[in-house]
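As a plain string of letters, each chain reads:
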Amino acid sequence: AKLLRRNEALLRVLPGQRETWVFLVKADGALQGMAVKLPAQQLTAEVGGLRTGVDASTGHLPDFDLALAHRLYQQLLGPLESALADVKHLIVVPAGALLSLPPALLVRQAPSEPGDYRGAAWLVRDMAFSLLPSVVALEQFRQVAGSSQARLPFIGFGNPVFSEQA
């Protein structure tokens, strides 16, 4: 908790054979932990179902299952909803199948209709995410990175054209 900054929280998710353990640590030292009736095998199946909606390897992008994204959010984070209210940056340390699912794909509220991606309550609309390989990595990254000296933070993405054949 002492490594967390204001409005940050660390989420650790540990899938197990019978249930999945979810822990949330906040900067003020508050700790919540719970066992969710979601065995690793079922979690893997649900994550696989969500990943099919973002896999364009066949040449087209299939429909994304907003209802499943909401159900998974409810199972893992729903009981923590009130604790997440003031969180602006969620540091996630996933394990198992969740390693292959960006938390930004989770949906906080039941979708009004299938395929309404614009109207979906994506979790990423409410908070930023960082993914870490382990809890210990937070301390290591904070020691190395220090704090930003930038007066105006900026992130840029480009789409350069290297040749006219592209």
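What you are looking at is a predicted structure, and each value in this text was computed from that prediction instead of being measured.

I'm lost on the nonpolar core in this one. Help?
Considering soluble globular proteins, one finds that nonpolar side chains tend to be buried as a cluster. Judged by nonpolar contacts, the single largest core of 35 residues is most densely connected at Leu-11, Leu-72, Leu-77, Leu-84 and Leu-90. Mapped onto this core, the elements with two or more residues apiece are strand S1 (8–15), strand S2 (20–26), strand S3 (31–36), helix H1 (40–52), helix H2 (66–76) and strand S4 (89–93). A per-element tally of this core places H2 first, with six residues. Beyond its immediate sequence surroundings of up to four residues, Leu-11 is in contact with Val-22, Phe-23, Leu-24, Leu-77, Leu-80, Leu-90, Ile-91, Val-92 and Val-93. Of all hydrophobic cores here, the second largest spans seven residues; its members include Leu-4, Val-25, Val-93 and Leu-132.

Would you mind going over the pairing of S1 with me for this structure?
As a general feature of sheets, a regular strand has side chains that alternate between the two faces. Across five bridges, the pairing between S1 and S4 is parallel. The partner of Leu-11 across the bridge, within S4, is Val-92. Pairing of S1 with S2 involves seven bridges; the strand directions are antiparallel. Opposite Pro-15, over in S2, you have Thr-20 as the bridge partner. Connecting S1 to the antiparallel partner S2 that follows it, the hairpin turn spans four residues.

Sorry if this is basic, but what is going on with empty space enclosed by the protein here?
Vacant regions in the atomic arrangement are exposed by a probe of water-molecule size rolled over the atoms. Inspection of every chain in the model, using the stated rule, returns one cavity of 30 Å³ or more. Its boundaries defined by the atoms lining it, the largest cavity holds a volume of some 120 Å³. Every residue along the wall of the largest cavity is listed here: Leu-11, Val-13, Leu-72, Leu-76, Leu-77, Val-92, Pro-94, Leu-98, Leu-101, Pro-103 and Leu-106. Contributing elements (two or more residues each) for the lining of the largest cavity: S1 and H2. Considered class by class, the residues forming the lining of the largest cavity number 11 nonpolar, no polar and no charged.

Which parts of the structure should I look at to understand the packing of aromatic side chains?
What describes a pair of aromatic rings is the distance from one ring centre to the other and the angle between the planes of the rings. Following the criterion strictly, the structure yields two aromatic pairs and no others. Taking 6.2 Å as the distance between ring centres and 10° as the angle between the ring planes, the aromatic pair formed by Trp-21 and Phe-23 counts as stacked. Given a relative accessible area of 28%, Phe-23 falls into the partly exposed group. Geometrically, the ring pair formed by Phe-64 and Trp-122 is tilted, given 5.7 Å between the ring centres and 45° between the ring planes. Of the two residues, Phe-64 is situated in the loop between H1 and H2 and Trp-122 in the loop between S4 and strand S5 (128–131); the sequence distance between them amounts to 58 residues. Judged by relative accessible area, Phe-64 falls into the buried class, the value being 9%.

Can you help me understand H2 in this one?
Because an α-helix completes one turn every 3.6 residues, residues spaced three or four positions apart along the sequence face the same direction. Buried residues dominate H2, accounting for eight of its 11 residues. In this fold, the buried residues of H2 make contact with S1, S2, S3 and H1. The N-capping residue of H2, defined by a side-chain oxygen 3.2 Å from the backbone nitrogen of Ala-67, is Asp-65.

Looking at this structure, how should I read the sheet that holds S4?
Adjacent strands of a sheet pair through backbone hydrogen bonds, lying either parallel or antiparallel. The strand order across the open sheet built from five strands is S3-S2-S1-S4-S5, with neighbouring strands paired in mixed fashion. Since the sheet does not close on itself, it has two edges, and those belong to S3 and S5, each with one partner. Strand-to-strand, the axes of this sheet are offset by a mean angle of 20°, without reference to chain direction. Sheet topology note: the S4/S5 ladder contains four bridges and is parallel. By the bridge assignment, Ile-91 is partnered in S5 with Ser-130.

Conventions we followed
Residues numbered from 1 in each chain as written. Predicted model: local features only at pLDDT ≥ 70, side-chain atom pairs only at ≥ 80, totals over all residues. Heavy atoms only, no water. Core = buried A, V, L, I, M, F, W, Y, C linked by side-chain atoms within 4.5 Å. Buried < 20%, exposed > 50% of the residue type's maximum accessible area, 1.4 Å probe, protein only. Helix = DSSP H or I, 4+ residues; strand = E, 2+ residues; numbered from the N terminus. Contact = heavy atoms within 4.5 Å. Pairing = 2+ DSSP bridges. 1 Å grid on protein atoms, 1.4 Å probe; cavity = no way out; pocket = protein on both sides within 12 Å on 5 of 7 lines; lining within 4 Å. Points joined across faces, edges and corners; volume = space filled by probe spheres on them. Nonpolar A, V, L, I, M, F, W, Y, C, P; charged D, E, K, R; others polar. Phe/Tyr/Trp six-rings, centres within 6.5 Å; stacked < 30°, edge-to-face > 60°. Polar contact = N/O pair within 3.5 Å; in protein donor to acceptor, adjacent residues only side chain to side chain. Axes fitted to C-alpha atoms, helices over the stretch in contact; angles between N-to-C directions.

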